[in-house]
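# Remarks on the overall topology
Below, each chain spelled out in residue letters.
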Amino acid sequence: MKKATDLLVQCLEDEGVEYIFGIMGKETLDLIDSLSQSNKIQFIHVRHEQGAAFMADVYGRLTNRVGVCLSTLGPGATNLLTGISSAHLDHSPVVAITGQASFERQHQESHQYLDIVKIFEPATKWSVQIKDPQTIPKIIRKSFRLARMEKPGAVLIELPENIASQMTLTEPLPVLPNPKSTSISQAIEDACTLIDHSQKPLVIVGNGVIRQGAMSALLTFVEKLQSPVIHSFMAKGILPKNHEQNYFTFGFKKNDAVLPIIEQSDLLIVVGFDVVECPPQDWNKMKRPIVHIDSLPAEMDEHYPVAGELVGDVNEILQALNKQAMPSRRWVPSGHLKEQIKRAYQIELDVKEILSFTIENILTVIEKHASEQTIVISDVGAHKLSIGRTYQPKQAGRVIISNGLASMGIALPGSIGAKLACRDAPVICITGDGGALMNMSELETAKRLGLSFIIIVLNDSTLKLEEQMMQEKFGNSFGAAFENPDFVQLANSFGIKGVRPKDLNEFDQILEEALKQNNEVTLIDVQITS
């Protein structure tokens, strides 16, 4: 006989869980007690449940394993909701476990009781309450299987207090790999025929290529095809920056310099693209025909006219296409478009000539110092769009952006998840002053864990993106300005090194020095030039 929470922890251990991010409460004390006896799982006590969900999200994205977060019932659970929603829309594998009131309190109004299962249903792939300890192995196995199954997402498991302490004889289920599916040969042949009949195909690459480890197969495919390639925000880095076919990033509602390539093409080969990254109506206004290559069938959309559809494991589909006798379709967009994009996106700025503290100049300095392993985590705001345009990573999957939910506050806690996922990788968190203060308390968590990463706070005392949108729509702005604390002193109060460079050259030196540190967090307060 064992306690239900001992069984639950055993199941989590079998699933390969390394960390659980969360905050305990009365209704989860049995689970915390069981975790204290585990020598495989480390419980990371955070300062806010939203931070726990963001940590699990980024950990899941970078490891392709399931990130796990924990809260108590009521306000603890609802505090998880933003981070869980963000993970779900960005297709990050996450399992959230929450406490709940005992059964005898759930039939009437009761202290801190909310129907968490119902609240989380729209934000998860599955939301379930454990009603019997014997079902724990089945629920855990199904939850982890669903969280990782394409397309990945979030799962909510609710554990009532009276179930947590019950005894059971049940044992964990064996952990088996998720199955893969592959498109039938006829669909492969049909897609090749469409490509063969096109003159100007364009490859559009989404985050699913990275999730399914299809980067090498995609590179082989595009080099065989020889047509231009564009990326969504989160797919950057699959093609090297200077690759002849790399026409950089699309997905901006305003100033999207890449759109003329789509208009000049006659066939869009869309690979691993998540519609949540950018709706087709924003980039396929001409309704160019599409060859859809993804793990799931295409969404029905008039601006996404599917001419051919290859559904299954993206890596295996691309490998099958690479075996076909597919002709080269080399073409170059008219109007010196690549150079126009570079100018518009401020790619390849001359570091020696730039002086002012603009976001683009800062990104150019960061790119100069970044290695293939460097992870850049963007918060949400005007700087997110600049990172999408300007920053060019040296490896795929090394830019983390909250794009589906576009949630402010992800960057700082996300950096903790990133550092735990990739201990030896440099991690740079870029956040506006608005997003920074949303989860600044997690500096204590980072300090306690002895982690090392860099936080760059872009300090302009305003919600810049909202200010820009109001100016454009109304000719003035309201409610976007605020006052900030002294970020350097605030960092120091947490025992964190805080610095404020006076110019871009000093920022360059500080960043270079901070990247050499192995055991401390450095916060750089950058006074942004308007």
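Remember, predicted model here, so these are calculated numbers, not experimental data.

### Quick word on the pattern of salt bridges
- Summed over the entire model, instances satisfying the criterion amount to 25 salt bridges.
- The residue Arg330 makes a salt bridge to Glu244 at a minimum N-O spacing of 2.9 Å. Of the two residues, Arg330 sits in the loop between helix H12 (314-322) and helix H13 (337-345) while Glu244 sits in the loop between strand E10 (229-231) and strand E11 (246-249), which places them 86 residues apart along the sequence.
- Overall, the relative accessible area of 48% leaves Arg330 in the partly exposed class.
- A relative accessible area of 52% places Glu244 in the exposed class.
- Between Lys368 and Asp508 there is a salt bridge; the shortest N-O distance is 2.5 Å. Taken together, the positions of Lys368 in helix H14 (residues 359-369) and Asp508 in helix H21 (residues 504-514) put the pair 140 residues apart, joining distant regions of the chain.
- Given a relative accessible area of 11%, Asp508 falls into the buried group.
- Three or more residues are tied together by salt bridges with common partners; here these are Glu150, Lys151, Arg211, Asp274 and Asp294.

### Details of the nonpolar core
- Core analysis: the biggest nonpolar cluster contains 54 residues, and Trp283, Ile366 and Phe507 have the highest contact counts within it.
- If near-sequence neighbours (up to four positions away) are discounted, Trp283 is found in contact with Ile204, Phe250, Leu259, Ile262, Leu268, Val270, Phe273, Cys278, Ile290 and Tyr304.
- Among the nonpolar cores identified, the runner-up in size contains 51 residues, and Leu156, Ile400, Ala411 and Phe453 belong to it.

### Re helix H2 (residues 29-36)
- Every buried residue of H2 is accounted for by Leu31, Ile32, Ser34 and Leu35. Seen end-on, H2 carries its buried residues on one side only, within an arc spanning 160°.

### Notes on the pairing of strand E3 (residues 42-45)
- Across four bridges, strand E2 (residues 19-22) lies against E3 in parallel orientation. Bridging across to E3, Phe21 finds its partner in Ile44.
- Since E2 and E3 lie parallel, the crossover through H2 that links them has a hand, and here it is right-handed.

### A short note on the packing of aromatic side chains
- Counted according to the given criterion, the structure contains nine aromatic pairs.
- An aromatic cluster of three or more residues is present, and its members are Phe250, Phe273, Trp283 and Tyr304.
- Positioned over the ring face of Trp126 is Lys142, at 4.1 Å from the centre of the ring.
- Note that Arg389 overlies the ring of Phe252, its terminal NZ or CZ placed 4.4 Å from the centroid.

What counts, and where the lines are drawn
Residues numbered from 1 in each chain as written. Predicted model: local features only at pLDDT ≥ 70, side-chain atom pairs only at ≥ 80, totals over all residues. Heavy atoms only, no water. Salt bridge = Lys/Arg side-chain N within 4 Å of Asp/Glu carboxyl O. Helix = DSSP H or I, 4+ residues; strand = E, 2+ residues; numbered from the N terminus. Buried < 20%, exposed > 50% of the residue type's maximum accessible area, 1.4 Å probe, protein only. Core = buried A, V, L, I, M, F, W, Y, C linked by side-chain atoms within 4.5 Å. Contact = heavy atoms within 4.5 Å. Arc of directions from axis to C-beta. Pairing = 2+ DSSP bridges. Right-handed = clockwise from strand over helix to strand, strands pointing away. Phe/Tyr/Trp six-rings, centres within 6.5 Å; stacked < 30°, edge-to-face > 60°. Lys NZ or Arg CZ within 6 Å of the ring centre and 35° of its normal.

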